Amino acid sequence: MIKRILVANRGEIAVRVMRSCKEMEITSIAIFSEADRTAKHVLFADEAYCIGAAPSNESYLNIEKIIEVAKDCRADAIHPGYGFLSENAGFARRCAQEGIIFIGPKPETMEAMGDKISARIRMISAGVPVVPGTQENLESAGEAIRICREIGFPVMVKASMGGGGKGMRLIHDEAEVEEAYNTAKSEAMSSFGDDTVYLEKFVEEPHHIEFQILGDRYGNIIHLCERECSVQRRHQKIVEESPSPFITPQLRKEMGEKAVAAAKAVGYEGAGTIEFLVDKHHRYYFLEMNTRLQVEHPITEEVLGVDLVKEQIHIANGTPLRLRQEDIRQRGHAIECRICAEDTDFNFMSSPGIIRQLTEPNGIGVRIDSYVYEGYEIPVYYDPMIGKLIVWAVNRKYALERMRRVLFEYKITGIKTNIRYLRNIMSAPDFVNGKYDTGFIEKNGDALQKAPESNETATENVAIIAAYIDYLMNLEENNANSSSADNRPISRWREFGLHKGVLRI
């Protein structure tokens, strides 16, 4: 039985995994870089070990150092979280060689589904619909032009080992093929060390729909319904919700069955995600499989009442699935917003720095998966996402109302964040009506950048002024205690209109 888990990650996902460990009375072990000595996951863990310098390749991507620490601290298992080494088959294989349980699928499964060309071939064999395109590496731009003529424009050229929008280019006509092909290959090589690329027919007005799946070592596989992930900027998800406002009950049933078939085609063990593109006519196509926990997994947990990290650990322990497909029933509606340290007014540039003040919202149906606190300095070396704000309510309308409220309550100073941007998304008519696809951000770009409504701005100004007045009053009181009555400084707070506890503006 697993009693000691090393969490090979950082930030909010490390804290989230450790929370489940504590509930299961499992010792949680943190690793950290020099830049993360004061990080929340380090303070939260039962044990913590420094593994190297700030750059990821010297710390969180250093397989040998992580294995060394895991052996020294007698870890039974390693949970990789998401990102970093979570889909690295070599890392999973090294864990197995050292007798350490890797909480995730087998390395052979990761390799099979990590290569998108190989995954397409497997899905076709399993009867899962795929987007029309190639099933082999493109050898030249000339070959790409020939295939584009066959399947018709628009077309996407994609890196076989890609993800997160890297090594991906949209081609509208023949004049764009050569440049897109060369750029995609170059980016694929620099990002993944593999310049293999392939072509797919571009699905117009697509929805990005993914199905959570769980599988055990005994061949039992179920799906845990869908997540709508179509609010994306530069192919990076910003907002997710479950259930999808676009998917019908019949389509949910059919796509869920295909997701299970996809997972069975590779003998999947653990938690994973089957991603689909769904066009405006409800035709769906396999996109890819993520062989790990997803960033947006909390919304599935909220609508199903299932702790996915605990299920991962039980599966890794050799326990048969504790859930059956007939047990899965969505209840209510959940929405997740990714809170990022970035400046939305300056091309979403990362905004590292010290958090001076932090007010997190709370109340019924509110969940925050985060790793920051007042006084914490966000490093420059890692992803700008600092947390996830999740709400649940009995239906989508109430969930939207709740999300608007908590985004208004969420206050962070000292750094720039995307909170205002997210508030605008929650009020955009297309989103409110559930009539959006992956083109939502591009279509609503200007509206999403607007300043808050005037009444909200006034309220925020009151909060800022009140905080400054409080500072001046404390300063005056301190001066009064240390100065004679005849030598006190002239009071400045009255000029703000504060008299007997009343603020006048």
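Predicted model, so just to flag it, every value in this text is computed and none were measured. (Residues numbered from 1 in each chain as written. Predicted model: local features only at pLDDT ≥ 70, side-chain atom pairs only at ≥ 80, totals over all residues. Heavy atoms only, no water.)

**Student:** Give me the lowdown on the pattern of salt bridges, citing residues and values where you can.
**Tutor:** Within the structure shown, the criterion is met by 43 salt bridges. For Glu64, the salt bridge identified is with Arg94, shortest N-O distance 2.7 Å. Residue Glu64 is found in helix H3 (residues 63–72), and its partner Arg94 is found in helix H4 (residues 89–97); the two are separated by 30 residues along the sequence. Here Arg94 falls in the buried class, since its relative accessible area comes to 17%. One salt-bridge network, in which partners are shared between bridges, spans Glu210, Arg227, Lys237, Glu240, Glu275, Glu296 and Arg338. (Salt bridge = Lys/Arg side-chain N within 4 Å of Asp/Glu carboxyl O. Helix = DSSP H or I, 4+ residues; strand = E, 2+ residues; numbered from the N terminus. Buried < 20%, exposed > 50% of the residue type's maximum accessible area, 1.4 Å probe, protein only.)

**Student:** Give a detailed account of the sheet that holds strand E12 (residues 270–278), specifying residues and quantitative values.
**Tutor:** Read across the sheet, 8 strands follow the order E13-E12-E9-E10-E11-E14-E21-E19 without closing on themselves; strand pairing throughout is antiparallel. Of all strands in the sheet, those bounded by a partner on one side alone are strand E13 (284–290) and strand E19 (366–370). When strand polarity is set aside, the average angle formed by the axes of neighbouring strands in this sheet is 25°. Bridge count between strand E9 (residues 207–215) and strand E10 (residues 221–233): 6 bridges; the pairing is antiparallel. (Pairing = 2+ DSSP bridges. Axes fitted to C-alpha atoms, helices over the stretch in contact; angles between N-to-C directions.)

**Student:** Tell me about the environment of Ile299, and please be specific about residues and values.
**Tutor:** Summarising the element assignment, Ile299 is placed in helix H10 (residues 297–304). Residues in contact with Ile299, not counting those within four places in the same chain, are Arg227, Glu240, Glu241, Ser242, Ala334, Ile335, Glu336 and Ile390. (Contact = heavy atoms within 4.5 Å.)

**Student:** So what's going on with empty space enclosed by the protein? Which residues, and what values?
**Tutor:** Evaluated as defined, the whole model comprises 1 cavity of 30 Å³ or more. Considering only enclosed or pocket space, the largest cavity measures out at about 40 Å³ in volume. (1 Å grid on protein atoms, 1.4 Å probe; cavity = no way out; pocket = protein on both sides within 12 Å on 5 of 7 lines; lining within 4 Å. Points joined across faces, edges and corners; volume = space filled by probe spheres on them.)

**Student:** How would you sum up H4? Please name residues and give values.
**Tutor:** Turning to H4, its buried residues are Ala89, Phe91, Ala92, Arg94 and Cys95. On its buried face, H4 sits against H3, strand E4 (77–79), strand E5 (101–102) and helix H5 (107–114). Of the residues that open H4, the one with a side-chain oxygen 2.9 Å from the backbone nitrogen of Gly90 is Asn88. Remark: Gly99 follows H4 within two positions and exhibits a positive phi of approximately 75°. (Polar contact = N/O pair within 3.5 Å; in protein donor to acceptor, adjacent residues only side chain to side chain.)

**Student:** Which residues make up the packing of helix H1 (residues 11–23) against helix H11 (residues 308–316), and what are the values?
**Tutor:** Between two packed helices, both the angle of their axes relative to each other and the distance between the axes serve to describe the pair. As a packed pair, H1 and H11 sit with axes 9 Å apart at the nearest point and diverge in direction by 65°. Taken as axis vectors, H1 and H11 run roughly perpendicular relative to one another. Here the hand of the crossing between H1 and H11 comes out right-handed. Residue-level contacts link Arg16, Val17, Ser20, Cys21 and Glu23 of H1 to Leu308, Val309, Lys310 and Ile313 of H11. Counted by class, the contact of H1 with H11 contains 5 nonpolar, 1 polar and 3 charged residues. (Parallel < 35°, antiparallel > 145°, perpendicular 65-115°, else oblique. Left-handed = near helix turned anticlockwise from the far one by under 90°. Nonpolar A, V, L, I, M, F, W, Y, C, P; charged D, E, K, R; others polar.)

**Student:** Lay out the packing of aromatic side chains with the relevant residues and their values.
**Tutor:** Here the structure, examined in full by the defined rule, presents 12 aromatic pairs. Both rings, one in Tyr60 and one in Tyr382, keep their centres 5.7 Å apart while their planes meet at 80°; by these two values the pair is edge-to-face. Residue Tyr60 is located in the loop between strand E3 (47–52) and H3, and its partner Tyr382 is located in the loop between strand E20 (377–378) and strand E21 (385–393); the two are separated by 322 residues in the primary sequence. Tyr382 matches Tyr60 in its accessibility class, with the two residues each being buried. Geometrically, the ring pair formed by Phe91 and Phe102 is edge-to-face, given 5.9 Å between the ring centres and 90° between the ring planes. Of this pair, Phe91 sits in helix H4 while Phe102 sits in strand E5; the two residues are 11 residues apart in sequence, bridging distant segments of the chain. The exposure class assigned to Phe102 is buried, which follows from its relative accessible area of 10%. Among the aromatic side chains, those forming a connected cluster through ring pairs are Tyr60, Phe84, Tyr381 and Tyr382. In this structure, Lys22 is placed above the aromatic ring of Phe44, and the distance from its NZ or CZ to the ring centre is 5.3 Å. Positioned over the ring face of Trp392 is Arg331, at 4.9 Å from the centre of the ring. (Phe/Tyr/Trp six-rings, centres within 6.5 Å; stacked < 30°, edge-to-face > 60°. Lys NZ or Arg CZ within 6 Å of the ring centre and 35° of its normal.)

**Student:** Residue-level account of H3, with values.
**Tutor:** Here H3 has its buried residues at Ile63, Ile66, Ile67, Val69 and Ala70. Buried residues along H3 cover an arc of 160° about the axis, so they all sit on one side. Where H3 ends, the next residue or the one after it, Arg74, has phi of about 60°, a positive value. (Arc of directions from axis to C-beta.)

Structural measurements only, silent on function.
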